[in-house]
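Chain and residue survey
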Amino acid sequence: MESMSVNSPVWAVPSEVTEHTLTFCHPRDVAVFSRTCRGARDLLYRSPDQYLWRQLFLAHFDDPRKAIALKQLKECDAIKDYDWKGQLQRRISAESVRSKIALASPEVLDRTCATFITVLEEALPYAKDQESMNTEWLAKILRNVNFSGDPDMPQRLHRLLSYLSLSHRDFFHYDGKLYPNSELDDTKRQLEPLRTTSRCFVYDLRNYTANSRYGPYSDSTTINWKHLQYNINVILMNLREFQRMWPGVRPPMSTMGLRALRAYSAPGTLETRNTRDWAGVEGNWRRFVCFMDYRDLFSFNFGSLRHLPGRGARDGSFFADSNFQEATRLVETELHLIELSDDPDHDADLEFSFVGHPRGCRALHPEDPSPIHFTGVSRGSNGNESNVKGCVRIEAGGIRWRWVSIHDHNTQWSAEGLQIGQICSAAGVVGNWTGAYHEEGDPAGPYWFWKVDDDFPSNIVDYFDE
């Protein structure tokens, strides 16, 4: 369509005025304008700069330079050479795929997920009374989208679903009210296949090896987003059944939605920027831990009728047994950084080390901040208390948390996890716990760990069935 004449009144004004006028339009309308004549197409696609595309981008999305700068010690080419036009076009294209995402080809699905992940990663860092256009846009277009439940879906889709943490489903917004049993039963029916798939993976002890670091990793350099997503599914679906337990205590994804993924959205972490505690470790935390009775876990993994050969999935019918129960516990933790000593003879490596974490822990790349080493105390129900010791370091393209639990001077449990979202996000850390010495047959399960305000009330109570 090239119906607009070069003598049109549009071209009677300077092109800069036309460009400025177009910045008030939706990108789709601008695309339609570009097809009216050669002059319009040249104005949009042959301009010597990206002024128009930058303005269009910033009218609908957060300024990505603020998020990118958090990951850099100084201004870098990624900021100066940002592809405003390309990124905007990818986002508008991804938006159009939303309504037919279940029918998208693997290539289109992977590309669309990559775009959505970029939108989340480039969301505006948290600031009081300043919302993110990125998270609002994504929450709107992904609301109640039914993604494929195929366990062999691309890792990028597992990653996106880990970030969403079921927050795109209306029935997972926790507002503190009690839901009628009929609604809970309907929700359970909808989610049962996903819950079974997730449990089969999370409680399959074959997924906890030295190669996987006994946690949500495929190898030492690759995050296993499927494992993380299934950890999240198991925990959230369990909590959905405990309406009266721990009122007001839920992972922030259930209460804040995608806002919980923003950098520095965790309580008190705005003050930790550019300090030694760059991950916001010090303070009070809450953790939900899930586990099977060991007899059930052993039967599920090694029972003659359940132990399928090779790497095939375990038999999910195990969880359909009416006698099966899965435990969920709340643990309250207070963490402190290990102080650095000025004594030249002080052996810091010895103080920082713990079971499974050898001496000599350093940043893996020159541009990464120094690892954070911490100690603390965890308290659970029935007066259970243990010391913890751990480390936070940038690894495998994410922020890796690992620690051990020590009771009566004996190291009992280890935990591996990954920060969900951006640095110091309210979403917290999701991962897996298992035996500290990783002996054959050690139990394992998922956990979700997030930071709370210093004056957050204690909710430790003895466990009971509703």
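Computed from a predicted model, the values in this text were never measured in an experiment. (Residues numbered from 1 in each chain as written. Predicted model: local features only at pLDDT ≥ 70, side-chain atom pairs only at ≥ 80, totals over all residues. Heavy atoms only, no water.)

1. Quick notes on the overall build of the protein chain
Spelled out, the test is: Under the DSSP-based scheme used, a helix requires at least four consecutive residues in state H or I and a strand at least two consecutive residues in state E, with every element numbered from the N terminus. With a 1.4 Å probe rolled over the protein chains alone, any residue whose accessible area is under 20% of its type maximum counts as buried; one over 50% counts as exposed, and the rest are partly exposed. Contacts between residues were defined by any pair of non-hydrogen atoms, one from each residue, lying within 4.5 Å. Shrake-Rupley sampling with a 1.4 Å probe provides the accessible areas, and residues are treated as covered by the protein chains on show and by no other component.
Counting secondary structure elements, the protein chain contains 15 helices and 10 strands. Per-residue burial for the protein chain yields a buried fraction of 50% across its 466 residues. The contacts of the protein chain with a sequence gap of at least 6 include a subset with a gap of at least 24, amounting to 68%. Accessible area of the protein chain: about 22,700 Å², with a carbon and sulfur share of 50%.

2. Looking at the packing of helix H1 (residues 15-22) against helix H4 (residues 51-60)
This is how it is decided: Fitting a line to C-alpha atoms yields each axis, with helices limited to the stretch in contact; the angle taken between N-to-C directions then spans 0 to 180 degrees. Orientation labels follow simple angle bins: below 35 degrees gives roughly parallel, above 145 gives roughly antiparallel, 65 to 115 gives roughly perpendicular, and whatever is left gives oblique. Handedness of a crossing is defined here by the sense of rotation of the near helix relative to the far one, left-handed for an anticlockwise turn of less than a right angle and right-handed for a clockwise turn. Put simply, Ala, Val, Leu, Ile, Met, Phe, Trp, Tyr, Cys and Pro go in the nonpolar bin, Asp, Glu, Lys and Arg in the charged bin, and everything else, Gly too, in the polar bin.
Between H1 and H4, whose axes approach to 9 Å, the crossing angle comes to 20°. In terms of orientation, H1 lies roughly parallel with respect to H4. In this structure, H1 crosses over H4, and the sense of that crossing is right-handed. When H1 is examined against H4, the residues Glu19, His20 and Leu22 are found in contact with a partner set consisting of Tyr51, Leu52 and Leu56. Here the residues of the contact of H1 with H4 are counted per class, giving four nonpolar, one polar and one charged.

3. Examining the environment of Thr328
Inspection of the secondary structure puts Thr328 in strand S4 (residues 326-337). For the pair Thr328 and Tyr447, spaced 119 residues apart in sequence, the C-alpha separation works out to 9.4 Å.

4. Notes on the side chain of Asn134
Test applied: As used in this structure description, the phrase polar contact means that two N or O atoms lie within 3.5 Å; if the pair is within protein, one of them must be able to donate a hydrogen and the other to accept it, and residues adjacent in sequence are counted only when both atoms belong to side chains.
Its place among the elements puts Asn134 in helix H9 (residues 133-141). Looking at Asn134, its side chain comes within polar contact range of the main-chain oxygen of Val119, at 2.8 Å.

5. Some details on the confidence of the model for the protein chain
Detailed reading of the predicted coordinates is not advisable wherever pLDDT falls low. Test applied: As a per-residue quantity, pLDDT reports the predictor's confidence and falls between 0 and 100.
Taken residue by residue, the protein chain gives an average pLDDT of 84. The fraction at 70 or more is 85%. Scored below 50 in pLDDT, residues 462-466 shows 14 contacts in the model against residues more than four places distant or in partner chains.

6. Details of the pattern of salt bridges
So the rule is basically this: Salt bridge, as applied in this entry: a Lys or Arg side-chain nitrogen positioned within 4 Å of an Asp or Glu carboxyl oxygen.
Evaluated as defined, the whole model comprises 18 salt bridges. With a shortest N-O distance of 2.5 Å, Arg159 and Glu121 are connected by a salt bridge. Linking Arg159 in helix H10 (residues 155-164) with Glu121 in helix H8 (residues 106-121), this pair joins segments that are 38 residues apart in sequence. Given the relative accessible area of 22%, Arg159 is considered partly exposed. The exposure class assigned to Glu121 is buried, which follows from its relative accessible area of 19%. Of the charged contacts in the structure, one is a salt bridge between Arg393 and Glu395, with a shortest N-O distance of 2.9 Å.

7. Examining the pairing of strand S6 (residues 385-395)
Our working definition: Strands are treated as partners if at least two bridges between them are detected by DSSP.
Where burial is concerned, most of S6 is hidden: eight out of the 11 residues are buried. Relative to S6, strand S5 (residues 372-379) runs antiparallel, the two being bridged by eight bridges. Bridge pairing links Arg379 to Glu385 in S6. Connecting S5 to the antiparallel partner S6 that follows it, the hairpin turn spans five residues, and Asn382 within it adopts a positive phi of roughly 60°. Here S6 runs beside strand S7 (residues 398-407); their pairing, made up of nine bridges, is antiparallel. When the bridges of S7 are listed, Cys391 appears paired with Arg402. Hairpin connection from S6 to S7: two residues lie between these consecutive antiparallel strands, with Ala396 at a positive phi of about 55°.

8. Comments concerning the sheet that holds S6
The eight strands lie next to each other as S3-S4-S5-S6-S7-S8-S9-S10, forming a closed barrel whose pairing is antiparallel. Mean inter-strand twist for the sheet, computed between neighbouring axes without regard to direction, equals 30°. In this structure, strand S3 (residues 283-292) lies alongside S4, joined through 10 bridges in antiparallel fashion. Its bridge partner lying in S4, Val289 is registered against Arg329. Sheet strands in contact with helix H12 (residues 225-240) are S3, S4, strand S8 (410-419), strand S9 (429-435) and strand S10 (444-452), and its direction is about 75° off that of S10.

9. Regarding the nonpolar core
Put simply, the rule reads: Throughout, nonpolar core names a set of buried Ala, Val, Leu, Ile, Met, Phe, Trp, Tyr and Cys residues whose side chains join them through atoms within 4.5 Å. Each domain's extent is set by a domain assignment, obtained either automatically or from a database.
Ranked by size, the top nonpolar core spans 83 residues in total, and within it Phe147 and Leu160 carry the most contacts. Considering every element that reaches this core, the biggest residue donor is H12, with nine residues. Here this core spans two domains, since at least three of its residues come from each of domain 1 (15-149) and domain 2 (170-451). Membership of the second largest hydrophobic core comes to 24 residues, among which are Tyr264, Leu335, Phe374 and Tyr447.

10. Looking at the side chain of Arg206
Within the secondary structure layout, Arg206 lies in the loop between helix H11 (181-202) and strand S1 (217-219). The exposure class of Arg206 is buried, given its relative accessible area of 19%.

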